[in-house]
Amino acid sequence: MEAFPGKEGLTILRRLLAYAEKVFQFSGTVVAGVVDRRPQPRIPTSVVLKSVAALFWARMGSLNALELTAHSRFFRRWLGQSVCSADSVGRVSALMDADGLRQGIHHIYDQLKRNKALPDHQGIAIAVLDGHESHASYLRHCPGCLERTIHGKDGRADRTQFYHRQVTVMLLPGARPHCEPVRLLLDHEPQRAEEGEVATVLRLLERVIGSYPRAFDLVLADALYGTAPFFNFLLARGKHALVVLKDERRNLYQDAAGLFAHVLPQEGVFRSGKCLWWDFPDLRSWPQVKTSVRVIRSLETYSVRRQLCATSAKGREGSMCVTA
């Protein structure tokens with residue numbers, strides 16, 4: 001197979017597929033539950049889904065790279081036929097039912113949890129969410145595309161760019177002894193036109209918490225989600241939030257910043273760097289949130305070695321978070 005790095009890569013892929021079939025019943029349970037909206041399909045949905053799974057597992061660059069392996073004996077044995085064209089894979093993937101994919105992910109989560117492969121971080125189960133743009137184009141667009149105006153430079157005309165953005169929730173379990181931690185994507189939700197990411201993430205969390213009520217206790221997010229509706233939504237469902245605090249205009253930020261000079265920090269070490277930590281619990285400077293909040297600040301000092309002049313310099317990096 002031209003796209004794989006030799007026989008060693010193909011052997012690893014075969015072992016991965018055997019593990020997926022044995023532990024997760026990949027073909028019989030995960031793949032078999034996914035359908036698409038084609039009225040009279042000639043290509044089975046399972047063939048396309050398994051092809052796309054191999055594309056990601058083998059880290060191929062594109063659907064065209066997958067098409068180059070169409071006549072490989074590996075795919076004929078695993079799929080029962082050759083890989084279909086790149087256009088067919090993209091078209092069928094766009095028509096797949098999202099609920100069937102979500103059920104397959106839930107089955108994988110259940111098996112990982114049953115096998116104790118998703119340990120907590122010191123008794124706390126953690127999930128992280130963030131917004132991502134998958135692609136953008138000036139020419140091609142669909143009914144679900146968002147639009148923005150890109151202002152031209154040097155007298156060039158403005159152009160309308162079409163793009164897709166979605167919010168993703170990923171589980172961040174701890175690592176088992178002598179193993180790398182598992183990173184499990186739970187779900188994602190596309191952002192609709194005329195709405196912000198906060199509205200999108202609330203819709204996503206409503207579905208995820210309903211499907212995984214005990215999968216996580218704490219949600220990590222960046223400063224964009226530091227709003228009262230986001231905190232109140234999680235608190236009402238028994239969850240906690242930890243969000244980066246950046247808005248210097250906020251009363252909470254100003255109150256916490258005013259305390260730094262009057263409270264001695266706690267010293268520590270993290271990733272070979274010296275740290276100073278401040279912790280201010282029970283702050284009431286955010287009345288829109290239905291409970292008191294806690295602000296934590298970290299100031300890390302580390303060494304930077306410059307290769308050109310072979311000298312070392314000190315660097316500092318600080319961050320502030322709010323949790324409830």
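First, a word on scope: everything that follows refers to the structure included in this document. (Residues numbered from 1 in each chain as written. Predicted model: local features only at pLDDT ≥ 70, side-chain atom pairs only at ≥ 80, totals over all residues. Heavy atoms only, no water.)

**Let's talk about the overall build of the chain**
In step 1: Counting secondary structure elements, the chain contains 10 helices and 10 strands.
In step 2: Along the longest, intermediate and shortest principal axes, the C-alpha atoms of the chain span 70 × 55 × 55 Å.
In step 3: Counting over 324 residues, the chain shows a buried share of 39%.
In step 4: Look at the contacts in the chain between residues 6 or more apart in sequence, and 56% of them connect residues 24 or more apart.
In step 5: For the chain, the exposed area adds up to about 20,200 Å²; of that, 52% sits on carbon and sulfur atoms.
In step 6: Taken as two groups, the 44 positive and 32 negative side-chain charges of the chain have centres that lie 6 Å from each other. (Helix = DSSP H or I, 4+ residues; strand = E, 2+ residues; numbered from the N terminus. Buried < 20%, exposed > 50% of the residue type's maximum accessible area, 1.4 Å probe, protein only. Contact = heavy atoms within 4.5 Å. Areas by Shrake-Rupley, 256 points an atom, 1.4 Å probe, with all protein chains shown as cover. Lys, Arg positive; Asp, Glu negative; His and termini not counted. Charge placed at Lys NZ, Arg CZ, Asp CG, Glu CD.)

**Considerations on unusual backbone geometry**
In step 1: Positive phi is not limited to glycine here, since arginine 59 has a value of about 60°.
In step 2: Mapped onto the elements of the fold, arginine 59 is located in the loop between helix 3 (45-57) and helix 4 (63-67).
In step 3: For arginine 59, a relative accessible area of 77% gives the class exposed.
In step 4: Positive phi values are uncommon outside glycine, yet histidine 178 reaches one of about 65°.
In step 5: Within the fold, histidine 178 resides in the loop between strand 3 (159-171) and strand 4 (184-190).

**So, the side chain of threonine 323**
In step 1: Secondary-structure assignment places threonine 323 in strand 10 (residues 311-323).
In step 2: Separated by 2.8 Å, the side chain of threonine 323 and the backbone oxygen of alanine 241 make a polar contact.
In step 3: Setting aside residues no more than four positions away along its own chain, threonine 323 makes contact with Phe231, Ala241, Leu242, Val293 and Arg294. (Polar contact = N/O pair within 3.5 Å; in protein donor to acceptor, adjacent residues only side chain to side chain.)

**A word on the state of the cysteines**
In protein chemistry, a disulfide is the covalent bond that joins the sulfur atoms of two cysteines.
In step 1: What the rule picks out here adds up to 0 disulfides.
In step 2: A disulfide-free cysteine, cysteine 142 has its sulfur positioned 3.7 Å from the sulfur of cysteine 145, the nearest such atom.
In step 3: According to the relative accessible area criterion, cysteine 142 is partly exposed, its value standing at 34%.
In step 4: Cysteine cysteine 321 remains unbridged, with the sulfur of cysteine 275 as its closest cysteine sulfur at 13 Å. (Disulfide = S-S within 2.5 Å.)

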